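Given next are the chains, with one letter for each unit.
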Amino acid sequence: MAAPKKTKAIRPGAAEHIGLEWHQGLQFKLAVLFLLLFVLLAAGALWSSRTLVQQNLLVDSYRYDEASGQQLANGLRALSYDAQTLAGSLAQLAATPGMSPEALRNAAPRLLRGRPYAALIADFGIWPEPNALYPGQDRASLFWTRHETGFQLRNDYNDPRSAPYYHEKRYTPARYASEERGYWTGIRSEPLSKQNLLTVGIPIRDGRGFLGVATVSLSLPALAEYFAGPASLSAGYSLLLDENNRLLAANGTPEPLTPGTPLAEIAQRQLSYSALALALHKLDEQKHSAISKASLYNASQVSALRDGTRELSRQEAEEILSGIWRGLLPGADQLKAPARIDLSQAPPDGEPAYSILFELPGSNWKLLRITSTVEGFAGANHLFQTSLLVSLALVAMALLAVLLVMRILLVLPLQRMTHQLAHSATLDEALNLVLDESPRNEVGLLAHWQNERVRQLRESIDNARSARVQLSAESHERKNMQEQLLRAQERTALALQAVSDAIITTDEHGVVDDMNPVAELLTGISLREARGQRLEAVLRLQMAGEAEETGNLAELTMRRGSRLDLTEGLRMQPHNAAERDLVLRAAPIRARG
């Protein structure tokens, strides 16, 4: 008769005991995981963007400033070179043997035809040395000034009542200049046209020596207008300085600057220019040092220029001749690469900035493009930050979408499953619980196999209950059989102890598991030591006339499946005695059935 079926109740409070705190749930851990993943992705994106993207953007921004500045520098260099070339052509024309003043008066204006920068030329002239180009004539200048209808020849400087032109600053320095480079004045005011001008003077020379000067002057307002065009196309502001760092033109500066003002004086009024003025001063010191090393400094020339020029101080004479001497240094006419100057402060707010310096050979002008570090990189930083924010927003949205999908497909079904399992009050309820297998994913598969395992468990419990009754009936019979087996083993052991022959038993692999006392005496090794060893290690046998031992005879007997008798020629080497003859019989022991 089957035993009555019992229902085991689950311990009260078990569901509450195994419940999870809010921070232990899978949903919270997934949220934290995705948050950490987002932070790592954001940090990685920020690092890689700064390393790979932002630096490239900053380099490109600087290269753009450099390229636009180089374009303006090329235009200014072409402008100054065109003026020098025109002055050189006038000098060559004036030095032509047999060239009369009348022929020179007619030929000179034709040289302006077709010149690309003719609109910037304010005047040009030929200024002969007294009694040199035209003997007997103290003043024989040919000077053309621009008017509304074109250029007009003026003879004002040939009037004896005016100051001699050969003592003016536009004339005297050209004595010491070369025919190729000439000499550029700073900003000067022309009394006749009332204009501010920049003048280049080329010496007129031939075999007779110094014969005078040919000059070409550029209109400063026209130059400033030309300068303002390309200079306004980029961020920051631009300055054009002469060789002595006097301002020629400016564009985009926070406050208007007066042309002709030394940069050092501007820095005294506006301290934000101090870093730039100091940097240029250091560069000029290096150039003066190069002049000294090249032994170009000539004090007598300084004195001669000062004495031969009206209203010129010795310091001004040194500055003028220093510019001329710099043109004699090796590589002075070679185009130099733009130089970057990092400034600790610059207008308008005294913030850090960088300046790109373009030195213009020939005229020795300096073009400076000053860009605030913040302003210059603002576009690059804005593009970088915008791209980074958009990328991070997209990543965050993607992570939230993945988190939502995982919540719907994984977390919520698992929560329902755990709720069902946690609220099973009895064991029978737990075993009869059927989870939802409808989701076509791993959660549904998990529910299926959970249901399958529960079904198998129910069957196993039912089988166990049936087997329990049968086991109870069989346990008494098993106990009797065990007692009979124990008595049989005891009788067998007593029989082995009483036998006078040595008996050793092994398992099917030839490993010793038992031996009687006679075998212990015969082999010289105790049962404790022999048990677990192979037979050939315990019973060392050798056939007469053979050098090798016989091996494991138990294994040999098992393979043959029949009795083995060795009655002659078998010798044994005990572990504690001399070698002796031995008769051996081995037989396999087979179980019943």
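The model shown is predicted, which means the values in this text are computed figures rather than measured ones. (Residues numbered from 1 in each chain as written. Predicted model: local features only at pLDDT ≥ 70, side-chain atom pairs only at ≥ 80, totals over all residues. Heavy atoms only, no water.)

A look at the overall build of the protein
Phase 1: Across its full length, the protein holds 16 helices and 19 strands.
Phase 2: Its C-alpha atoms give the protein a radius of gyration of 57 Å, more than 25% over the compact-globule value 25 Å for 593 residues.
Phase 3: With the C-alpha coordinates aligned to their principal axes, the bounding extent of the protein is approximately 165 × 80 × 40 Å.
Phase 4: A total of 593 residues make up the protein; the buried ones form 37% of that total.
Phase 5: Contacts in the protein between residues at least 24 apart in sequence constitute 55% of all its contacts with a sequence separation of at least 6.
Phase 6: In the structure as shown, the protein presents an accessible area of about 34,100 Å², 56% of it carried by carbon and sulfur atoms. (Helix = DSSP H or I, 4+ residues; strand = E, 2+ residues; numbered from the N terminus. Rg over C-alpha atoms; globule rule 2.2 N^0.38 Å. Buried < 20%, exposed > 50% of the residue type's maximum accessible area, 1.4 Å probe, protein only. Contact = heavy atoms within 4.5 Å. Areas by Shrake-Rupley, 256 points an atom, 1.4 Å probe, with all protein chains shown as cover.)

Quick look at helix α12 (residues 442–498)
Phase 1: Relative to the 84 Å expected for 57 residues at 1.5 Å per residue, α12 spans just 70 Å between its end C-alpha atoms, considerably shorter than the ideal helical length.
Phase 2: The sharpest bend along α12 reaches about 35° and sits at Glu474.
Phase 3: Among all positions in α12, only Val443, Gly444, Ala447, Asn451, Glu452 and Val454 are buried. (Expected span 1.5 Å × (residues − 1). Bend = angle between axes of the 7 residues up to and from the residue.)

Quick word on the nonpolar core
Phase 1: Judged by nonpolar contacts, the single largest core of 50 residues is most densely connected at Val216, Leu223, Leu240 and Trp365.
Phase 2: Ranked by the residues each element gives to this core, the list is headed by helix α2 (residues 26–94), at 12 residues.
Phase 3: Ignoring any residue separated from it by four or fewer positions in sequence, one finds Leu240 in contact with Leu76, Leu223, Phe227, Arg246, Leu247, Leu248, Ala249, Trp365, Lys366 and Leu367.
Phase 4: Among the nonpolar cores identified, the runner-up in size contains 21 residues, and Leu247, Ala267, Leu280 and Ile370 belong to it. (Core = buried A, V, L, I, M, F, W, Y, C linked by side-chain atoms within 4.5 Å.)

Quick notes on unusual backbone geometry
Phase 1: Even without being a glycine, Glu311 presents a positive backbone phi close to 55°.
Phase 2: Even without being a glycine, Asn364 presents a positive backbone phi close to 60°.
Phase 3: Note that Asn364 resides in the loop between β11 (351–360) and β12 (365–372).
Phase 4: Taking the relative accessible area as the measure of exposure, Asn364 reaches 17% and is therefore buried.

Topic: a nonpolar patch on the surface
Phase 1: Nonpolar side chains collect at one region of the surface, where Leu404, Val405, Ile408 and Leu409 lie side by side and expose about 360 Å² of accessible area between them.
Phase 2: Take Val405: it is sitting in helix α10 (residues 378–422).
Phase 3: For Val405, a relative accessible area of 43% translates into the label partly exposed. (Patch = residues over 30% accessible without salt bridge, like charges linked within 9 Å, V, L, I, M, F, W, Y side chains within 5 Å. Salt bridge = Lys/Arg side-chain N within 4 Å of Asp/Glu carboxyl O.)

Details of the packing of aromatic side chains
Phase 1: For the structure on display, the rule yields 13 aromatic pairs.
Phase 2: Seen from their ring centres, Trp127 and Tyr165 are 5.2 Å apart, and the 55° between their planes marks the pair as tilted. Placement of Trp127 in strand β1 (residues 121–128) and of Tyr165 in the loop between β3 (150–154) and β4 (183–184) is noted, with a sequence separation of 38 residues between them.
Phase 3: According to the relative accessible area criterion, Tyr165 is buried, its value standing at 0%.
Phase 4: Arranged with centres 5.5 Å apart and planes meeting at 75°, the rings of Tyr165 and Tyr166 form a pair that is edge-to-face. We note that Tyr165, like Tyr166, is buried.
Phase 5: One aromatic cluster is present, built from ring pairs that chain together Trp127, Phe143, Tyr157, Tyr165, Tyr166, Tyr171 and Phe210.
Phase 6: The ring centre of Tyr354 lies 4.7 Å from the NZ or CZ of Arg340, which sits over that ring. (Phe/Tyr/Trp six-rings, centres within 6.5 Å; stacked < 30°, edge-to-face > 60°. Lys NZ or Arg CZ within 6 Å of the ring centre and 35° of its normal.)

Looking at the pairing of strand β8 (residues 237–241)
Phase 1: Burial analysis of β8 places five of its five residues in the buried class, the great majority of the element.
Phase 2: Along β8, one buried face is formed by Tyr237, Leu239 and Leu241 and the opposite face, lined by Ser238 and Leu240, is buried too.
Phase 3: When β8 meets β12, the two strands line up antiparallel, connected through five bridges. Paired with Ser238 across the bridge in β12 is Arg369.
Phase 4: Of the pairings in the sheet, the one linking β8 to strand β9 (residues 247–251) comprises four bridges and is antiparallel in character. Of the residues in β9, the one forming a bridge with Leu240 is Ala249.
Phase 5: Linking β8 to β9, which pair antiparallel, is a turn of five residues; within it Asn245 sits at a positive phi near 65°. (Pairing = 2+ DSSP bridges.)

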